[in-house]
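Commentary on secondary and tertiary structure
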Amino acid sequence: MLKDFSKIETFLVVARERGFSKASLKLGISQPAVTQQIRYLEEFLDTKLIDRKKNGIKLTSAGEELYKVALELESALVHAENQMLKIINKDITFNLGASFTIGNYILPGECLNTISKHINNDVKITIDVSKKIVEGVKDRSLDLGLIEAPIFDEDIVYRKWLEDELVLFSNTPLPREVNIEDLYNYEWVCREEGSHTRKIVSEKFQELGIKCKEFNVISEVNSSTALLNTIMRSKQNLERPIVSIISKYTILQEVANKQLFQSRIKGLNLTRSLYVISHKNNKSNPYIRSTIDYILSGKC
C-alpha cells in the first residue's frame, strides 16, 4: 500500500513536464530520485507507466489511467489542505524572502495580496541578495524564499519556478538583435563584482571570447534598481548608446512605454532559472506547502 502521496506527485510532475530532468527541477530532488520513485510505482502496480523517448516521455495506457486517478487524488488533497488551514486558522505572519529582482519587480502588487488571501494571513517580505535569503530559510527566520542564484545547501529544497532572461537595454533605440562586435561600440554601466547577473554574463561572454576589459565602462552600480535609474536618466547618445544587461522583468513597464529599449545579443543565450526554496524539515507545514503549490501553479 502506498503510504504517502509523494510518489504519485512525482509521477504527475513527470507527466506534466514530459521528462525526468525537468521534473527533478520542479520537485527539488535529483533525477535518480525521480527515476527511483517512478520505478517503485511501476513495481507496486506491476506494469510499465512511462516510455522514455528521444524528445521526452510518453505515458503507456496504464500510465494514462494512473494520470486520471492521480489528478483526482491531487484535487482531493488540495481541497483537504485548504480545509485544514481553515481549521488551524492561526494568526501568523508568513515570512517570505526574495532576491532584489524578484522582490522589487516580480512580486509587488497583486501577487503578494493573492498569497496573503490564499493562506488567510499576513505576508511579510524581506528583500536581500540570494545568499542571505538562503541563510534565512536555513535558520528558519524565513518560511520560504524566492531566489535567482541557486546557492545549493543540503538543508534546502529547491524547486524551479520561472525562466528569466537577461537582455541588453538602453534609453536609446536598439536593433532587435545586435552582433558581438557591436558591444565594443557602446558605453557600459555594469553591475558590481559579485552580483549574480554579472557572474552569468561574464561566464557567457568568456565562452564566446568576448573581452569585457575592452568595453568602455563608465560606471558600476550595486543593484538592478540603480542600474535601471542610471540608464533611464542618462543623456541619449545615438552614436554610442549607453547600455547594460538586466532581467527582462525589471524593465517590462518601461519597454512597454517606450522609455527603454531592449535587444538580444546574436548567438548568446542569457536565460536563467528562478527558484522557490524551503527548509527540508518544513515539508509537512501546511502553510509552507500550500504557498509553494500556489506559487508554482502560476496563479501568483
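Counting starts from 1 at the beginning of each chain's written sequence and moves along it residue by residue. Only residues with pLDDT of at least 70 are given local features in this predicted model, and only at 80 or more are side-chain atom pairs given and counted; all residues enter the totals for whole chains, interfaces and linings. Side-chain numbers come from the whole structure's heavy atoms, not from hydrogens or water.

This paragraph deals with helix α6 (residues 110-119). Remark: exposure states derive from per-residue accessible area (1.4 Å probe, protein chains only) relative to the maximum for the residue type, with buried under 20%, exposed over 50%, and partly exposed in between. We count a stretch as a helix when DSSP gives it H or I for four or more residues in a row; a strand needs E for two or more, and each element gets its number in order from the N terminus. Every buried residue of α6 is listed here: C111, T114, I115 and I119. End-on view of α6: buried residues confined to an arc of 120 degrees, all on one side of the axis. Residues of α6 that are exposed and point over 90 degrees away from its buried face: E110 and K117. Any two residues whose heavy atoms approach within 4.5 Å at even a single point are treated as in contact. Next to the buried residues of α6 lie β3 (93-98), α5 (100-106), β4 (122-127) and α11 (286-296). N120 occupies a position one or two residues after α6 and carries a positive phi of about 55 degrees. What the arc measures is the spread of directions leading from the helix axis to the C-beta atoms.

Like charges within 9 Å and nonpolar side chains (Val, Leu, Ile, Met, Phe, Trp, Tyr) within 5 Å are joined into patches, using only residues over 30% in relative accessible area that form no salt bridge. Only the protein chains shown count as cover for residues, and all accessible areas are computed by the Shrake-Rupley method using a 1.4 Å probe. Any carboxyl oxygen of Asp or Glu within 4 Å of a side-chain nitrogen of Lys or Arg constitutes a salt bridge here. A surface patch of nonpolar side chains, about 260 Å² in accessible area, is lined by Y40, F44 and L45. Positionally, L45 belongs in helix α3 (residues 31-45). On the accessibility criterion, L45 (38% relative accessible area) is partly exposed.

With that out of the way, let us pick up the nonpolar core. What is meant by a nonpolar core is a set of buried Ala, Val, Leu, Ile, Met, Phe, Trp, Tyr and Cys residues, joined one to another through side-chain atoms within 4.5 Å. Within the largest apolar cluster, 20 residues are counted, with the highest numbers of intra-cluster contacts made by I102, L144, L146 and W161. Among the elements of the structure, β3, α5, α6, β5 (144-147), β12 (271-279) and α11 are those that each provide at least two residues to this core. Among the elements that line this core, the one with the most residues is α11, at 5 residues. When near neighbours in sequence (up to four residues on either side) are disregarded, I102 contacts L107, P108, L146, I147, E148, W161 and L274.

Bear in mind that shape data such as this cannot, by itself, settle questions of function.
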